[in-house]
Amino acid sequence: MVVTNVPRRRSGVKALVTLGKRVLLTRERRRDGSIYHSLPGGGVEPGETPHEALARELSEELDCAGAIGKQVGSCSYQHRSIDATTQYDLYAVTLEDVPTPDSSEGIVGAKFHDPAALPESVLEPLAEAVGRLGAGTASQRLTSSPR
């Protein structure tokens, strides 16, 4: 029996970076030119640990390093642009540098937002995860002070 139309499953990681009661979101451009907001991060490559993948993604997307803490949540996302579903694990991260978006990676901005007033274009599962964690909870687990 051949199974068709089953999206492939991927593992991914996202950084939950907070400053006070605000959370860092990236502003990203899809291949079709549309814009959405997300948490920094991406897919885990074969042979990488989640921490290694998140360190790589922070370097690629924001040209910065971060101290990666414990896992604080997870969510699943069905992609629009590829036939895949990614299970994202969210990790508390303290940035060690000022985030500098890399447009060659599709990252066109990075800004701290109030979790109670996230932009409408935040990927829904990530918005729900941030909402579940709550700004107070995230701040207690992580305080970031980009220089």
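It should be noted that the structure appears before, not after, this text.
To start, this report covers the structure provided alongside it. Computed from a prediction, not measured in an experiment: that's the story for all the values here.

Some remarks on the sheet that holds strand β7 (residues 84-95)
(1) Moving on: The strand order β5-β1-β7-β6 describes an open sheet built from four strands, whose pairing is mixed. Where the open sheet ends on each side, the last strands, each with one partner, are β5 (41-43) and β6 (66-78). Taken over all neighbouring pairs, the strand axes of this sheet differ in orientation by 20 degrees on average, direction set aside.
(2) Moving on: With three bridges joining them, strand β1 (residues 8-16) and β5 adopt antiparallel strand pairing. When the bridges of β5 are listed, Gly-12 appears paired with Gly-43.
(3) Moving on: Running over the sheet, helix α1 (residues 50-62) touches β1, β5, β6 and β7 and is turned about 120 degrees from β5.
(4) Moving on: In the packing of helix α2 (residues 124-133) onto the sheet, contacts are made with β1, β6 and β7, and the angle to β6 comes to roughly 125 degrees.

A word on α1
(1) Moving on: Relative to the 18 Å expected for 13 residues at 1.5 Å per residue, α1 spans 17 Å between its end C-alpha atoms, a close match to the ideal helical length.
(2) Moving on: Taken together, the buried positions of α1 are occupied by Ala-53, Leu-54, Glu-57, Leu-58, Glu-61 and Leu-62. Down the axis of α1, the buried side of the element spans an arc of 135 degrees, and every buried residue falls inside it.
(3) Moving on: Next to the buried residues of α1 lie β1, β3 (22-29), β5, β6, β7 and β8 (107-113).

What counts as what
All chains use their own residue numbering, which begins from 1 and follows the written sequence. This being a predicted model, a pLDDT of at least 70 is required before a residue's local features are given, and a value of 80 or more before pairs of side-chain atoms are given or counted; all residues contribute to the totals for chains, interfaces and linings. Calculation of side-chain values draws on the structure's entire complement of heavy atoms; hydrogens and water are dropped beforehand. By definition, two strands form a pair when at least two bridges between them are found by DSSP. Here a helix means four or more residues in a row that DSSP labels H or I, a strand means two or more in a row labelled E, and each is numbered from the N terminus. Every axis in this analysis is a line fitted to C-alpha atoms, fitted for helices over the stretch in contact. Angles between the N-to-C directions lie between 0 and 180 degrees. Should any heavy atoms of two residues lie within 4.5 Å, those residues are considered in contact. Multiplying 1.5 Å by the residue count of a helix minus one yields the expected span of that helix. Buried means the residue's accessible area, taken with a 1.4 Å probe over protein chains only, is under 20% of the maximum for its type, while exposed means over 50%, and partly exposed covers the values in between. As used here, the arc belongs to the directions running from the helix axis to the C-beta atoms.

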